[in-house]
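# Fold and contact review
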Amino acid sequence: MVSSRTSQLADAGLTIRCDLHPAPILGDDRLIEHLAANLLDNAIRYNVPAGFITLATGTADGRSFLTVLNSGPHIAAEQVTRLQRPFERLGPDRTDTDGGTGLGLSIVASIARAHAADLSLEPRADGGLDVTVTFEQAKPDSGRDDARRVSKPHRHAWVLGAS
Ligand SMILES: Nc1ncnc2c1ncn2[C@@H]1O[C@H](COP(=O)(O)OP(=O)(O)OP(=O)(O)O)[C@@H](O)[C@H]1O
Ligand SMILES: [Mg+2]
C-alpha cells in the first residue's frame, strides 16, 4: 500500500515511518485495506510540505491496532467528531483544492463499526491528526465460522502489518 504511493509521498516531500508489528484480526481483508487506504490517502493529502506520516500496527492490551498519524495544520478538537459524518470537511482554507468529497472518513467509520472496532481521531498538539482503529484481537484458532460480530461474508482471521 505504501509502495504504490511512493511518488505521491515524494511529490509532497513527505517522510513516512512504518512501525509494523503483527496485529491479528478477524475481518474482511478487502474492507480493512479500503479503511487503511482512506486513512493513508488523507494523511498524504492533508499534510504540510516536508511533513511526516507514521504508520503503525501491533497489539496492546489484548487488542490489535492500526495507527495512521500525520503532521498538518492545527485542527480544533471540536471539529473532529463531525469529520466522521458524510460530506463533512474542514474549511477550504484548511485543505488543498483537489476536491475530496468528504466521504472517506465516514466509510472508515462504517468499516470500523462493521468489525466492532473502535475509531479514535485525535488532533495532534503540533498540528495534524492521529487516527487509531482498535480491533478485537483474533485468537490463533479463529476462522471463518468463529466470527461473532462481523457480518460480512469474507471474514477470516488474518494479520495486519504482516505484509
Ligand atoms: N489525516 C488527516 N489530517 C488532517 N485532516 C484530515 C485528515 N483526514 C481527514 N481530514 C479532514 O477531514 C475531512 C474529511 O475527510 P474525508 O476523508 O472524510 O473526506 P475527503 O478526504 O475530503 O474526501 P474523500 O475521502 O471522499 O475523497 C477532510 O476534508 C479534511 O478536512
Ligand atoms: Mg479522504
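These remarks concern the structure in this document. As the structure is a prediction and not an experimental result, all values here were calculated from the model.

So, about the site of ligand 1. As a matter of local geometry, ligand 1 sits amid 18 residues, with Y46, N70, R89, T101 and L105 nearest to it. Within the side chain of N70, one N or O atom sits 2.8 Å away from a nitrogen atom of ligand 1. Within the backbone of G104, one N or O atom sits 3.1 Å away from an oxygen atom of ligand 1. Here ligand 1, which alone exposes 600 Å², has 93% of that area covered by the protein.

This part takes up the pairing of strand β2 (residues 23–27). The element β2 is largely enclosed, with a buried count of four among its five residues. Sheet analysis places β2 next to strand β7 (residues 156–160), joined by five bridges and oriented antiparallel. Across the sheet, the residue bridging to G27 is H156, located in β7.

Let us look at the sheet that holds strand β1 (residues 15–20). Read across the open sheet, the five strands follow the order β1-β3-β4-β6-β5; overall the sheet is mixed. For this open sheet the edge positions go to β1 and β5 (118–123), each flanked by a neighbour on one side alone. Pairwise comparison of adjacent strand axes, ignoring direction, gives a mean angle of 10° for this sheet. Direction of pairing for β1 relative to strand β3 (residues 52–60): parallel, over a ladder of six bridges. When the bridges of β3 are listed, T15 appears paired with F52.

The next point concerns helix α4 (residues 104–114). Of all eleven residues in α4, eight are buried, a share of seventy percent or more. G104, L105, S106, V108, A109, I111, A112 and A114 are the residues of α4 that are buried. Considering only its buried residues, α4 is in contact with α2 (29–45), β5 and β6 (129–136). Just downstream of α4 lies A116, where phi reads positive at about 55°.

This paragraph deals with the nonpolar core. Residues L39, I53, L66, L119 and V133 are the most contacted members of the largest nonpolar core, which totals 32 residues. Of all the secondary structure elements, the ones that give two or more residues to this core are β2, α2, β3, β4 (63–70), α4, β5 and β6. Element by element, the count of residues in this core is highest for α2, at seven residues. Contact partners of L39, with chain neighbours within four places excluded, come to L66, V68, L105, V108, V131 and V133.

For N47, the position within the fold is in the loop between α2 and β3. What makes N47 buried here is its relative accessible area of 14%. Engagement of the side chain of N47 in a polar contact is seen with the side chain of S71, the distance being 2.6 Å. What N47 contacts, discounting residues up to four positions off in sequence, is L14, F52, I53, N70, S71, G72 and P73.

In this fold, T57 is placed in strand β3. Within polar-contact distance, the side chain of T57 engages the backbone oxygen of H21 at 2.9 Å. Filtering out sequence-adjacent residues up to four positions away, T57 remains in contact with D19, L20, H21, A23, F65, L66, L160 and G161.

Within this structure, the stated rule accounts for four salt bridges. The partner of R5 in a salt bridge is D41, with the nearest N and O atoms 2.6 Å apart. One end of the pair, R5, is in the segment before α1 (6–11); the other, D41, is in helix α2, with 36 residues separating them in the sequence. Accessibility expressed as a relative area gives 30% for D41, which makes it partly exposed. For the salt bridge of R63 with D118, the shortest nitrogen-to-oxygen distance reads 2.9 Å. Here R63, found in strand β4, pairs with D118, found in strand β5; they are 55 residues apart in sequence, far enough to count as distant. Exposure remark for R63: the relative accessible area of 27% places this residue in the partly exposed category.

The rules behind each value
- As a convention, each chain's residues are numbered from 1 in the sequence order in which they are written.
- All chains are assigned letters beginning with A, and all ligands numbers beginning with 1, in the order in which they are written.
- Only residues with pLDDT of at least 70 are given local features in this predicted model, and only at 80 or more are side-chain atom pairs given and counted; all residues enter the totals for whole chains, interfaces and linings.
- Hydrogens and water molecules were not included; the side-chain quantities draw on all heavy atoms of the structure.
- Here a residue counts as near a molecule or strand whenever at least one of its heavy atoms sits within 4 Å of it.
- Any pair of nitrogen or oxygen atoms within 3.5 Å is treated as a polar contact; in protein, a donor-acceptor pairing is required on top of that, and neighbouring residues in sequence qualify only through side-chain atoms on both sides.
- Here, Shrake-Rupley sampling with a 1.4 Å probe gives the accessible areas, and only protein chains in the shown set may cover a residue.
- Summary of the burial criterion: residues with accessible area below 20% of their type's maximum are buried, those above 50% are exposed, and those between are partly exposed, where the area comes from a 1.4 Å probe applied to protein chains only.
- The way it works is that DSSP assigns letters per residue, a run of H or I at least four long becomes a helix, a run of E at least two long becomes a strand, and they are numbered from the N terminus.
- At least two bridges found by DSSP between two strands are what make those strands a pair.
- To get an axis, a line is fitted to the C-alpha atoms, and for a helix only the part in contact is used. The angle between two axes follows their N-to-C directions and goes from 0 to 180 degrees.
- Note on contacts: a residue pair qualifies if any of its non-hydrogen atoms lie within 4.5 Å across the two residues.
- Put simply, buried Ala, Val, Leu, Ile, Met, Phe, Trp, Tyr and Cys residues joined by side-chain atoms within 4.5 Å make one nonpolar core.
- By salt bridge we mean one thing: a side-chain nitrogen of Lys or Arg within 4 Å of a carboxyl oxygen of Asp or Glu.

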